[in-house]
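# A closer look at the structure
Listed below are the residues making up each chain.
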Amino acid sequence: MAVSSSSNSSMENAEQPHVLAVDDSVIDRKLIEALLKKSSCKVTTAENGARALEFLQVSKVNLVITDYCMPGMTGYDLLKKIKESSVMKEVPVVIMSSENVPSRINKCLEEGAQMFMLKPLKQSDIKRLRCHLMN
């Protein structure tokens, strides 16, 4: 019985989309993680762009969602590094920000972001994300 139970959970994990959530705010990371898990996503979090890139070097994800304003490497810088990489460039990236700045939004979309979302995110925002998940 334990064997069948573990094979079921590993099958469920294989079907769950894996999302990397990047935000320097612990509160925002926890909120995003909770919303994504509620939508049956596997979630890994990173507190900055450098950590996110380290993780992406060794792991495959279906989507990266990142805050725009972070110390050191911004979400925009992270987006550019992902899109410049031959290995990672196909991974969809969604940028989020609490500031509604049209020039910033356009810059991110032109650089290859799938979407730009305003924080705080809601469950309805996460539902919109699901169509951007890479298989």
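One can find the structure itself at the top, above this paragraph.
These lines cover the structure that appears in this document, whether it is placed above or below. From a predicted model like this one, the values you see are computed outputs, not experimental measurements.

## As for the overall build of the protein chain
Scanning the protein chain for helices and strands turns up six helices and five strands. Going from N to C terminus, the protein chain has its helices and strands arranged as α-β-α-β-α-β-α-β-α-β-α. By residue count, 45% of the 135 residues in the protein chain fall in the buried class. Relative to all contacts within the protein chain whose residues are 6 or more apart in sequence, the contacts with residues 24 or more apart total 62%. Per element, the accessible surface of the protein chain, about 7,400 Å² overall, is 53% carbon and sulfur.

## Topic: the pattern of salt bridges
Any two side chains of opposite charge can pair, so long as their charged atoms come close to each other. Inspection of the entire model under this criterion finds eight salt bridges. Notably, a salt bridge pairs aspartate 125 with arginine 128, separated by 3.1 Å at the nearest N-O pair. In this pair, aspartate 125 and arginine 128 both sit in helix H6 (residues 123–129), three residues apart, roughly one turn of the helix. A relative accessible area of 6% means that aspartate 125 is categorised as buried. By relative accessible area, which is 43% here, arginine 128 ends up partly exposed. One salt-bridge network, held together by shared partners, links Asp23, Asp28, Asp67 and Lys119.

## A look at the nonpolar core
Across soluble globular proteins, nonpolar side chains have a tendency to be buried as a group. By size, the foremost hydrophobic cluster in this structure holds 24 residues, and its most contacted members are Leu20, Val22, Val64, Ile82, Ile95 and Cys108. Elements with a contribution of two residues or more to this core: strand E1 (18–22), helix H3 (49–58), helix H4 (75–84), strand E4 (93–97) and helix H5 (102–110). Excluding anything up to four places from it in sequence, leucine 20 contacts Thr44, Thr45, Ala46, Ala52, Phe55, Leu56, Val61, Leu63, Val64 and Ile65.

## Re the sheet that holds strand E3 (residues 63–67)
Read across the open sheet, the five strands follow the order E2-E1-E3-E4-E5; overall the sheet is parallel. The outermost strands of the open sheet, each flanked by one partner alone, are strand E2 (42–46) and strand E5 (115–118). Each strand axis lies, on average, 20 degrees off the axis of its neighbour in the sheet, ignoring direction. Its contacts with the sheet place H3 against E1, E2 and E3, and it is angled at close to 160 degrees to E1. The sheet strands contacting H4 are E1, E3 and E4, and the helix crosses E4 at an angle near 175 degrees.

## Thoughts on unusual backbone geometry
For the bond running from lysine 119 to proline 120, omega is 0 degrees, close enough to zero to count as cis. Note that proline 120 resides in the loop between E5 and H6. Backbone geometry places serine 40, a non-glycine residue, at a positive phi of 60 degrees. Take serine 40: it is sitting in the loop between helix H2 (26–38) and E2.

Rules used in this analysis
- Residues numbered from 1 in each chain as written.
- Predicted model: local features only at pLDDT ≥ 70, side-chain atom pairs only at ≥ 80, totals over all residues.
- Heavy atoms only, no water.
- Helix = DSSP H or I, 4+ residues; strand = E, 2+ residues; numbered from the N terminus.
- Buried < 20%, exposed > 50% of the residue type's maximum accessible area, 1.4 Å probe, protein only.
- Contact = heavy atoms within 4.5 Å.
- Areas by Shrake-Rupley, 256 points an atom, 1.4 Å probe, with all protein chains shown as cover.
- Salt bridge = Lys/Arg side-chain N within 4 Å of Asp/Glu carboxyl O.
- Core = buried A, V, L, I, M, F, W, Y, C linked by side-chain atoms within 4.5 Å.
- Pairing = 2+ DSSP bridges.
- Axes fitted to C-alpha atoms, helices over the stretch in contact; angles between N-to-C directions.

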